[in-house]
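Coordinate analysis (summary)
Chain by chain, the residues:
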Amino acid sequence: MTLGLPGIQSTLHPAGPQAQRILDLFDVFLIVTTVVFVIVVVLTVAAVVKGRRRREAIGEDTRGMKLAVGTGAVLTIAALITLLVTSVATGRAVGTFGGGNPDQMEIVVTGHQWWWEVTYPDPQASNTVRTANEIHIPTGQPILLRLATRDVIHSLWIPRLHGKRDLIPGRINKIYIQADAPGVFRAQCAEFCGLQHAHMSLVVIAQTPGDFMQWKIHQQAPANDPATPQQAHGRELFLDLPCINCHAVTGTDAYATLGPDLTHVASRKTLAAGTLINNHGNLAGWVSNAAAIKPGAQMPPIPMNGPELQDLLAYLENLK
Amino acid sequence: MTEERGQTEAAMEATWAPARGFLGWFTEVDHKRIGLRYIVTALCFFTLGGIEAAIMRLQLAGPERHVVGPDFYNQLFTVHGSTMMFLFAVPVMEGIAIYLVPLMVGTRNVAFPKLNAFGYFIYLFGGLFLYTMFFCGAGPDAGWFAYTPLSGPQFSPGKRIDTWSQMITYTELSALVVSVEITVTAFKQRAPGMSLNRVPLFVWSMVVTSFMIMFAMPAVMVDSGYLALDRLVATHFFNRPEGGDPIFYQHLFWFFGHPEVYIIFIPALGFISSIVTAFTKRKVFGYSVMVASLVFTGFMGFGLWVHHMFATGLPQLGQSFFTAASMMISIPTGVQIFCWIGTIWHGRLTIRTPMLYVLAFFFDFLIGGLTGVMLASVPINWQVHDTYFVVAHFHYVLIAGAVFPLFGALHFWFPKWTGRMYGEGLSRVAFWLVFIGFNLVFFPMHILGMIGMPRRVYTYQPQLGWGGLNQLATLGVLPLALGILLMFVNFALSRRRGAPAGPNPWDADTLEWSVSSPPPPYNYLHVPTVAGGHALWDAAPDQPVVVGMRTDHREVLVTKAVDAEPSHREELPSPSIWPFLVALTTGITLCGAIFYAWWFTMGTVLTAFALIGWFWPKREPLPEAS
């Protein structure tokens with residue numbers, strides 16, 4: 001039942017078993033509650049018609065009415081028990097989905113004000129992949145997401161794959177997701193987390209296992225070396241300017257983790273946690289003055305002249 | 001006989017004379033005047049909260065609009081939520097109860113009139129403080145439940161959240177005061193004959209509400225107090241690295257926050273029972289079942305709070321318990337709705353504006369209640385929690401469930417409060433505007449939540465496709481706001497020009513309709529007696545009154561809690577400035593502490609002096625032995 005509604009972030013367009021189960025449950029609830037609604041409204045209207053025609057009120061509580069109200073109460077309880085049992089059953093199915101597999105693929109998602117850090121841990125530290133605002137997953141298998149936060153409480157919500165789960169300081173929450181077919185699913189922070197809560201989104205990119213492995217191997221590689229003098233100058237600027245106080249690029253001296261890892265920044269679809277499409281113009285604007293685009297964003301404006309900016313962009317755009 | 005009555009009246013007028021003049025405004029202890037102050041003040045805050053909501057709707061009318069920026073938007077929804085919950089919904093219900101409960105049980109004032117005056121001032125100061133800071137650009141901006149660590153010292157520096165936490169303390173203090181007043185008045189000052197099984201359903205609903213307040217409000221006062229301490233003197237109640245716990249904040253908050261919804265909703269159930277009784281000309285079907293349902297709701301209301309926290313990742317089994325509890329609470333409310341339908345079915349129904357609001361309640365509250373059943377389900381909750389689906393749900397529950405009955409109650413008791421009838425025609429136009437506007441604003445939000453719109457976002461991107469429904473919701477503001485405005489205009493006009501109402505324009509059943517409109521300062525010349533569950537309908541033609549009470553002192557009759565048999569007479573205080581002064585010093589303590597911690601100590605000393613003034617014994621000759 002999608003009714004032609006827009007679907008890029010919609011619970012009504014499930015793309016995996018978890019969201020599908022919840023939608024099925026929602027449909028059961030919708031049907032039962034609609035029936036209850038119709039019955040009560042019809043009864044109210046009937047009572048109003050009846051009551052307006054009456055010349056004299058019936059003062060005592062008649063047996064018939066007691067029976068009617070009693071029946072209503074019993075039916076209410078029966079409907080609620082049905083819903084409760086269905087809900088608990090779905091809850092168990094969703095809650096136990098994906099558990100118990102020792103080879104489980106794990107991804108760590110860490111919330112920051114206001115962006116998402118996504119890490120693919122690997123026993124060999126140099127093979128660990130760090131990216132931002134994009135979760136790549138292989139299709140057709142349960143993926144375990146471990147959720148953490150560096151600052152305040154956030155909540156990860158990928159409506160087309162699963163319900164939300166909070167990112168809470170000092171705790172690691174777990175959630176299993178699975179996508180049935182390749183696709184791009186928008187997700188957003190659902191717990192108010194401050195000034196730019198509205199611009200804290202990410203995309204989940206489901207790929208066939210083959211495509212996913214290819215992506216991962218590429219991400220494990222260190223950053224591209226500059227291919228032109230302009231890019232080389234850009235890297236110099238990057239390493240001299242305050243950029244490296246927060247950002248990392250593997251293969252260089254930049255390894256700070258306060259801001260997103262930029263090793264493969266040019267391969268990402270969006271900038272600033274889903275705020276901007278990743279293209280030349282947007283990147284220029286974002287690097288020059290982030291807070292003008294996303295008020296409150298913590299990247300300070302960096303003073304640069306025009307040619308310097310172009311050189312820096314050339315370097316960043318080569319980080320594919 | 002008449003001459004004797006005239007003499008008594010004159011004596012009573014003199015003894016119970018209201019405080020007059022400018023100073024009189026600060027010293028008044030009459031429950032009716034204080035009740036009306038609560039109502040008017042709360043409606044002012046309601047208007048402010050409504051304006052904030054309208055600005056938010058303008059901002060969201062389309063994608064990436066720039067009516068307001070993120071910082072102001074975050075203040076808007078925080079102040080809107082805090083205003084509607086703490087400065088409007090609870091106080092307006094309490095104000096009506098403060099006015100009506102003493103009249104309905106047949107006494108002359110609430111149990112502790114000075115404390116009652118104190119409660120109002122502390123509420124007023126809390127509201128004024130919040131809005132002063134808001135207009136100075138320092139409105140709180142962490143949402144009306146101010147989750148830590150976002151609201152903690154690290155992520156919310158400045159005074160914004162301090163303002164919020166102190167405002168909570170103020171208004172909850174005032175709510176506690178009122179709940180004590182209502183409970184004692186309802187249990188100890190009922191007219192002889194009004195045994196517990198004859199207490200009007202509205203009074204029962206306020207008794208249940210008051211008990212809920214007594215158990216729920218301390219939780220939030222502790223919570224906001226700990227938050228204030230974390231912020232002002234660097235304690236670490238909620239600071240994870242130092243061993244505190246942000247989830248603990250949520251538990252404490254929602255242990256108050258969920259009952260809070262019922263604290264707002266249960267008085268509305270009382271309004272409905274009063275209105276349905278009067279307009280069907282019969283007692284409400286199933287009195288004992290109704291009372292039991294209210295009490296059951298009151299208890300169950302404390303067992304649901306975790307359904308606000310399903311996404312925090314608590315253990316599954318525990319969540320199922322809260323699912324069950326959250327679903328079961330709809331049973332007593334369902335039973336009450338069935339009882340009202342039965343009452344209407346067997347009654348002789350006339351439809352006036354109060355009854356229209358009750359019927360609108362049936363229709364729209366039902367939607368809110370049923371979406372509430374959906375939210376009780378853990379998996380569904382994971383999807384719709386913190387989205388516009390929830391925004392739609394709680395506005396259906398709180399506006400249709402509490403504000404519609406409240407509007408009904410304002411029309412219903414308007415003649416009693418002012419002595420004049422409201423304009424019926426105008427009120428019906430206003431009703432339809434409110435009803436249509438409300439559904440236009442809030443129904444589309446259900447769908448918006450389902451298609452992914454989270455709450456508390458100041459804007460959204462065009463490709464998300466939420467523009468159309470948001471525009472529809474914003475359009476609905478127009479009829480809704482116009483309807484509410486018309487209602488206020490109607491009240492303002494009718495207060496001066498309305499047809500005289502007489503004591504009982506609705507031919508209703510409870511005691512307040514037996515005295516003139518508005519009632520005299522002493523309420524009842526002679527304390528009445530009661531012969532049935534519907535005092536006026538069940539009264540014998542020569543229903544006796546209590547005589548022999550002093551007319552030269554403010555005396556009330558104290559009766560036994562269960563049977564309302566007369567026990568003794570109690571003297572109530574006259575107008576006094578001390579409640580105002582104690583409220584003022586308490587206010588200084590709380591405000592000052594935000595800016596300078598020593599104010600807490602200095603303010604406490606000041607308050608102690610003011611309290612000494614309050615309790616200073618009166619020099620008065622001992623009463624003659626009789």
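Residues numbered from 1 in each chain as written. Chains lettered and ligands numbered in written order. Predicted model: local features only at pLDDT ≥ 70, side-chain atom pairs only at ≥ 80, totals over all residues.

Structural notes on the sheet that holds strand β3 (residues 129-132) of chain A
Residue and element names in this part refer to chain A.
- Reading across the sheet, the five strands line up as β3-β2-β1-β5-β8 and stay open at both edges, with mixed pairing between neighbours. Across the chains shown, the open sheet's two edge strands, defined by having one partner strand only, are β3 and β8 (173-177). Each strand axis lies, on average, 25° off the axis of its neighbour in the sheet, ignoring direction.
- As paired elements, strand β2 (residues 115-120) and β3 share four bridges and run antiparallel to each other. Each bridged residue has a counterpart across the sheet, and for Thr119 the counterpart in β3 is Arg130. (Pairing = 2+ DSSP bridges. Helix = DSSP H or I, 4+ residues; strand = E, 2+ residues; numbered from the N terminus. Axes fitted to C-alpha atoms, helices over the stretch in contact; angles between N-to-C directions.)

Let's talk about unusual backbone geometry
- Omega for the peptide link from Gln113(A) to Trp114(A) comes to -5°, which places this bond in the cis form.
- You can see Trp114(A) is positioned in the loop between β1 (105-112) and β2.
- Residue Pro518(B) follows Ser517(B) across a cis peptide bond; omega there is -10°.
- Even without being glycine, Lys281(B) reaches a positive phi, approximately 55°.
- For Lys281(B), the location among the structural elements is in the loop between α8 (246-280) and α9 (287-300).
- The exposure class assigned to Lys281(B) is buried, which follows from the 20 C-beta atoms found within 10 Å.
- The backbone phi angle of Asp386(B) is positive, close to 60°, even though this residue is not glycine.
- Secondary-structure assignment places Asp386(B) in the loop between α13 (378-384) and α14 (388-418). (Buried ≥ 20, exposed ≤ 12 C-beta atoms within 10 Å, placed from the backbone.)

Describing the packing of helix α5 (residues 113-135) of chain B against helix α6 (residues 160-188) of chain B
Residues and elements named next belong to chain B.
- At a closest axis distance of 8 Å, the pairing of α5 and α6 adopts a crossing angle of 160°. Relative to α6, the element α5 is oriented roughly antiparallel. The crossing of α5 and α6 is left-handed. Note on element contacts: α6 touches α5 through Thr163, Gln166, Met167, Tyr170, Thr171, Leu173, Ser174, Val177, Val178 and Glu181, opposite Leu115, Asn116, Phe118, Gly119, Ile122, Tyr123, Phe125, Gly126, Phe129, Leu130 and Met133. (Parallel < 35°, antiparallel > 145°, perpendicular 65-115°, else oblique. Left-handed = near helix turned anticlockwise from the far one by under 90°. Contact = placed C-beta atoms within 7 Å.)

With respect to the interface of chain B and chain A
- Each partner contributes to the interface: chain B provides 71 residues, whereas chain A provides 71 residues.
- Counting only elements with at least two residues in the side of chain B that touches chain A, the list comes to α4 (70-105), α8, α10 (316-328), α11 (330-346), α12 (353-376), α13 and α15 (424-450) of chain B.
- With 12 residues, α11(B) is the largest single contributor of residues to the side of chain B that touches chain A.
- Partitioned by chemical class, the residues of the side of chain B that touches chain A number 41 nonpolar, 23 polar and seven charged. (Nonpolar A, V, L, I, M, F, W, Y, C, P; charged D, E, K, R; others polar.)

Notes on the packing of α8(B) against α14(B)
Residue and element names in this part refer to chain B.
- Packing of α8 against α14 brings their axes to within 9 Å, and their N-to-C directions diverge by 40°. Between α8 and α14, the angle falls in the class oblique. The crossing of α8 and α14 is left-handed. For the pair α8 and α14, contact is made by Val261, Ile264, Phe265, Ala268, Phe271, Ile272, Ser274 and Ile275 and by Val397, Leu398, Gly401, Ala402, Pro405, Leu406, Gly408, Ala409 and Phe412, respectively.
- Broken down by class, the residue content of the contact of α8 with α14 amounts to 14 nonpolar, three polar and no charged.

Topic: the confidence of the model for chain B
- When pLDDT is averaged along chain B, the result is 94, and 99% of the positions lie at 70 or above.
- For this predicted complex, the interface confidence comes out at an ipTM of 0.95, alongside a pTM of 0.95. (pLDDT = per-residue confidence, 0-100.)

Some remarks on the sheet that holds strand β4 (residues 134-138) of chain A
Residue and element names in this part refer to chain A.
- What the five strands build is an open sheet, ordered β4-β10-β9-β6-β7; its pairing is mixed. Every interior strand has two partners, whereas the edge strands, β4 and β7 (165-167), have only one. Adjacent strand axes in the sheet meet at a mean angle of 25°, parallel and antiparallel pairs treated alike.
- Across two bridges, the pairing between strand β6 (residues 154-157) and strand β9 (residues 183-189) is antiparallel.

What about the nonpolar core?
- Formed by 279 residues in total, the largest nonpolar core has its most connected members in Ala89(B) and Val203(B).
- Those residues in contact with Val203(B) that sit more than four places away from it in its chain are Val101(B), Met104(B), Val105(B) and Ala186(B). (Core = buried A, V, L, I, M, F, W, Y, C linked by C-beta atoms within 7 Å.)

Observations regarding the environment of Pro123(A)
Residues and elements named next belong to chain A.
- Relative to the elements of secondary structure, Pro123 occurs in the loop between β2 and β3.
- Look at Pro123 and you get exposed, because 6 C-beta atoms sit within 10 Å.
- Along the sequence, Pro123 and Asp225 sit 102 residues apart, while their C-alpha atoms lie 26 Å from each other.

Things to note about α12(B)
- The end-to-end C-alpha distance of α12(B) is 34 Å, a good match for the 34 Å that 24 residues give at a rise of 1.5 Å each.
- In terms of residue burial, α12(B) counts as a mostly covered element, since 22 of its 24 residues are buried. (Expected span 1.5 Å × (residues − 1).)

Regarding the environment of Phe338(B)
- Looking at the secondary structure, you find Phe338(B) in helix α11.
- Take Phe338(B): there are 24 C-beta atoms within 10 Å of it, and that puts it in the buried class.
- Filtering out sequence-adjacent residues up to four positions away, Phe338(B) remains in contact with Val69(A), Gly72(A) and Ala73(A).

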